[in-house]
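Chain residues, written in single-letter form:
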Amino acid sequence: MTALTDLTIAGMKAGLAARDFSAAELTAAHLAAMEGARGLNAFIVETPDIATAQAAAADAALAKGEAKPLAGIPLGIKDLFCTKGVQTTAGSKILQGFIPQYESTVSGKLLADGAVMLGKLNMDEFAMGSSNETSAYGKVISPWKARDSDGLHSNRELVPGGSSGGSAAAVAARIAAGATGTDTGGSIRQPAAFVGISGIKPTYGRCSRWGVVAFASSLDQAGPMARTVDDCALLLTSMCGYDAKDSTSLNVPVPDFAALLTGDLRGKRVGVPKEYRLDGMDATIARLWDQGLEWLKAAGATIVDVSLPHTRYALPVYYIIAPAEASSNLARYDGVRYGLRVTPPGGNLADMYSATRAAGFGAEVKRRIMIGTYVLSAGFYDAYYTQAQKVRTLIAQDFERAWESCDLLLTPTAPSAAFAFGDKADPLAMYLNDVFTVPASLAGLPAMSVPAGLSPDGLPLGLQIIGKPLDEASVLNAGLAIERAAGFTARP
Ligand code: GLN
């Protein structure tokens with residue numbers, strides 16, 4: 001019999017409905033897996049008591065025939081989502097001990113749909129990073145190991161990607177059936193690719209940002225991470241929806257994304273942006289990209305070449321706008337309202353602010369605050385920030401023009417497979433990880449990563465599908481076509 005932790009969310013739903021097992025058993029199996037995999041450091045806080053109580057409630061609802069769509073499904077919640085009564089740190093020391101009085105809209109929607117919360121997932125501090133090395137609660141370790149040239153597994157520890165690295169590791173290691181992630185410049189898609197799972201960042205505004213600790217508000221989006229495209233669709237349907245408490249929330253109907261999945265791409269035109277074919281691109285990734293196009297063709301799509309001429313400005317634009325917004329958002333951590341407070345003896349209020357922020361923020365967060373403050377300063381605002389906003393518009397217009405000749409875009413998700421800790425100690429090398437994911441973030445477009453193959457050393461590689469605004473359904477459908485054709489069954 002398949003282990004309960006190996007089932008997909010769809011499989012769990014079916015098993016619960018058929019009474020093959022109870023929600024209590026399903027949750028117990030995941031709690032045992034969580035305990036067994038503590039070495040990965042995927043969770044900052046485990047909430048077994050909450051999970052057990054929620055599972056009991058799910059069993060009661062199932063018995064009465066009143067089960068909600070996610071009744072009894074064990075999920076991990078990224079620690080960027082405020083959870084009522086459960087410590088929420090955003091991976092930062094400055095929020096240590098912060099217990100929100102309220103639930104974020106997105107986690108609240110999942111719980112209202114019957115989901116079980118296993119705990120709060122580790123992440124890069126304030127979601128800044130691509131490797132999970134910036135968490136104040138220790139790095140998350142990928143459950144994957146590379147194969148050495150002798151065919152044996154190396155014992156080098158690999159990054160799970162970031163910033164949703166805890167989410168990625170927990171889902172890949174079968175600790176959680178699915179997880180919430182957030183994506184500002186790639187933090188759902190890149191970690192999903194690194195650990196061989198799927199993840200979708202919906203259109204900006206689809207998921208409410210209310211109760212999600214802010215990094216860069218014009219870019220931040222929540223989304224699901226799970227082991228299949230169908231599971232992502234199930235979770236996404238529950239997570240999306242208009243919320244009056246978020247002024248950028250979109251008041252549009254939410255389709256039943258899972259019900260729309262067919263894998264049939266007849267009539268769809270898939271664009272290949274030529275600017276994404278970088279010089280010196282990894283040969284395996286280039287081949288996988290071509291393979292992905294063949295798979296989409298076999299599913300009925302036609303392939304067209306497109307140009308997104310401003311692509312090369314996306315990274316610099318992102319690394320001006322995201323830090324600018326972060327420097328403003330993070331001004332609220334002053335030692336007065338939340339978490340940590342450091343009071344130097346004999347110091348005044350300003351000394352308390354500085355001491356708290358000096359002790360509470362890690363190096364990457366400080367770097368971003370300084371860059372952000374600089375590009376927003378009176379003397380440099382026009383040269384950097386205003387200019388970046390203009391180029392952001394040009395990037396968005398590139399996509400609008402591309403949609404005249406295609407319905408979807410296919411690209412690699414990341415320029416490499418997962419790397420080892422410390423390999424990208426230079427911040428600029430780390431930022432290059434986001435080269436394929438950041439443009440869709442700047443344009444607010446839905447985009448997903450689906451596992452499509454393995455690198456020569458046996459590590460997962462993902463392909464990215466980008467769609468038109470609000471067309472998550474087509475993105476997921478193309479994801480399903482790739483999932484079916486790739487037959488990705490490798491596991492850590
Ligand atoms: N790696 C990117 C950054 O560090 C993206 C992070 C994210 O999407 N949250 O900003």
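Structural notes, computed from the coordinates.

The rules behind these values
Residues numbered from 1 in each chain as written. Predicted model: local features only at pLDDT ≥ 70, side-chain atom pairs only at ≥ 80, totals over all residues. Heavy atoms only, no water. Helix = DSSP H or I, 4+ residues; strand = E, 2+ residues; numbered from the N terminus. Rg over C-alpha atoms; globule rule 2.2 N^0.38 Å. Buried < 20%, exposed > 50% of the residue type's maximum accessible area, 1.4 Å probe, protein only. Contact = heavy atoms within 4.5 Å. Pairing = 2+ DSSP bridges. Axes fitted to C-alpha atoms, helices over the stretch in contact; angles between N-to-C directions. Near = heavy atom within 4 Å. Polar contact = N/O pair within 3.5 Å; in protein donor to acceptor, adjacent residues only side chain to side chain. Areas by Shrake-Rupley, 256 points an atom, 1.4 Å probe, with all protein chains shown as cover. 1 Å grid on protein atoms, 1.4 Å probe; cavity = no way out; pocket = protein on both sides within 12 Å on 5 of 7 lines; lining within 4 Å. Sits in = over half its atoms within 2 Å of the grid points. Nonpolar A, V, L, I, M, F, W, Y, C, P; charged D, E, K, R; others polar. Core = buried A, V, L, I, M, F, W, Y, C linked by side-chain atoms within 4.5 Å. Points joined across faces, edges and corners; volume = space filled by probe spheres on them.

A few words now on the overall build of the protein chain. Across its full length, the protein chain holds 15 helices and eleven strands. For 492 residues, the compact-globule estimate of 2.2 N^0.38 gives 23 Å, and the C-alpha radius of gyration of the protein chain, at 21 Å, lies within 12% of that figure. Its C-alpha atoms put the protein chain at 65 × 55 × 55 Å along the principal axes. Split into buried and exposed, the 492 residues of the protein chain put 59% on the buried side. Considering only contacts in the protein chain between residues 6 or more positions apart, those separated by 24 or more positions represent 76%.

Moving on to unusual backbone geometry. Cis geometry marks the peptide bond from Gly162 to Ser163, where omega comes out at 5°. Assignment of secondary structure puts Ser163 in the loop between β3 (116-121) and α5 (165-172). Here Arg19, not a glycine, exhibits a phi torsion of approximately 60°, which is positive. Considering the arrangement of structural elements, one finds Arg19 in the loop between α1 (9-17) and α2 (23-36). On the basis of relative accessibility, which here comes to 48%, the residue Arg19 falls in the partly exposed class.

Judged by pairing direction, the sheet is mixed, and its eleven strands sit side by side in the order β1-β3-β2-β4-β6-β5-β10-β11-β9-β7-β8 without closing on themselves. Because the sheet does not close on itself, it has two edges, and the strands there are β1 (43-46) and β8 (302-306). Averaged over all pairs of adjacent strands, the angle between strand axes in this sheet comes to 30°, irrespective of strand direction. Lying over the sheet, helix α4 (residues 105-112) contacts β2 (74-78), β3, β4 (178-183) and β6 (221-226), oriented at roughly 170° with respect to β2. Strands β5 (198-201), β9 (408-412), β10 (447-454) and β11 (460-467) of the sheet are contacted by helix α15 (residues 472-486), whose axis makes an angle of about 5° with β10.

Quick look at the site of the ligand now. In the vicinity of the ligand there are 15 residues, among which Thr184, Gly185, Ser187, Tyr318 and Arg368 approach most closely. Arg368 places a polar side-chain atom, nitrogen or oxygen, 2.7 Å from an oxygen atom of the ligand. Compared with its free state, where it exposes 290 Å², the ligand has 100% of that area covered by protein. If you map the ligand onto the pockets, it falls in the largest cavity. In the shell around the ligand, the residues fall into five nonpolar, seven polar and three charged.

For the rest of this paragraph, the subject is the nonpolar core. In terms of nonpolar packing, the biggest core is built from 160 residues, with Phe126 and Leu476 touching the most fellow members. It is helix α9 (residues 314-329) that provides the largest number of residues to this core, a total of ten residues. If we ignore the near neighbours within four places in the chain, the residues touching Phe126 are Ala90, Ser92, Ile94, Leu95, Val213, Phe215, Leu330, Tyr333, Phe361 and Val365.

Before going further, it helps to examine empty space enclosed by the protein. Under the definition given, this model contains two cavities of 30 Å³ or more. There is about 80 Å³ of room inside the largest cavity. Along the wall of the largest cavity there are 15 residues; nearest its centre are Ala127, Gly129, Ser187, Tyr318 and Asp434. In this structure, the second largest cavity is lined by Ala193, Phe194, Ile285, Pro412, Thr413, Ala414, Ser416, Pro460, Leu461 and Gly462. Mapped onto the lining of the second largest cavity, the elements with two or more residues apiece are α6 (189-195) and β11. For the lining of the second largest cavity, the leading source of residues is β11, giving three residues. For the lining of the second largest cavity, a count of residues per class yields seven nonpolar, three polar and no charged.

Here β5 shows no split at all, with Ser198 and Ile200 on one side and Gly199 and Lys201 on the other all buried. Across two bridges, the pairing between β5 and β6 is antiparallel. By the bridge assignment, Gly199 is partnered in β6 with Met225. Where β5 lies against β10, three bridges are found, and the strand directions are antiparallel. The residue bridging Lys201 from the neighbouring strand is Ala447, located in β10.

What follows concerns the side chain of Thr184. Relative to the helices and strands, Thr184 resides in the loop between β4 and α6. A relative accessible area of 4% means that Thr184 is categorised as buried. Polar contacts involving the side chain of Thr184 include one to the side chain of Asp220, which spans 2.7 Å. Setting aside anything within four residues of it in sequence, one finds Thr184 in contact with Phe215, Ala216, Leu219, Asp220, Tyr318 and Ser441.

A separate point is the side chain of Ser208. As for its placement among the helices and strands, Ser208 is situated in the loop between β5 and β6. Taking the relative accessible area as the measure of exposure, Ser208 reaches 1% and is therefore buried. In terms of polar contacts, Ser208 uses its side chain to reach the backbone amide nitrogen of Trp210, at 3.0 Å. Within the local environment of Ser208, its side chain forms a polar contact with the side chain of Asp243, the two groups lying 2.6 Å apart. In this structure, Ser208 is in contact with Thr105, Val106, Gly241, Asp243 and Asp246, ignoring residues within four places of it in sequence.

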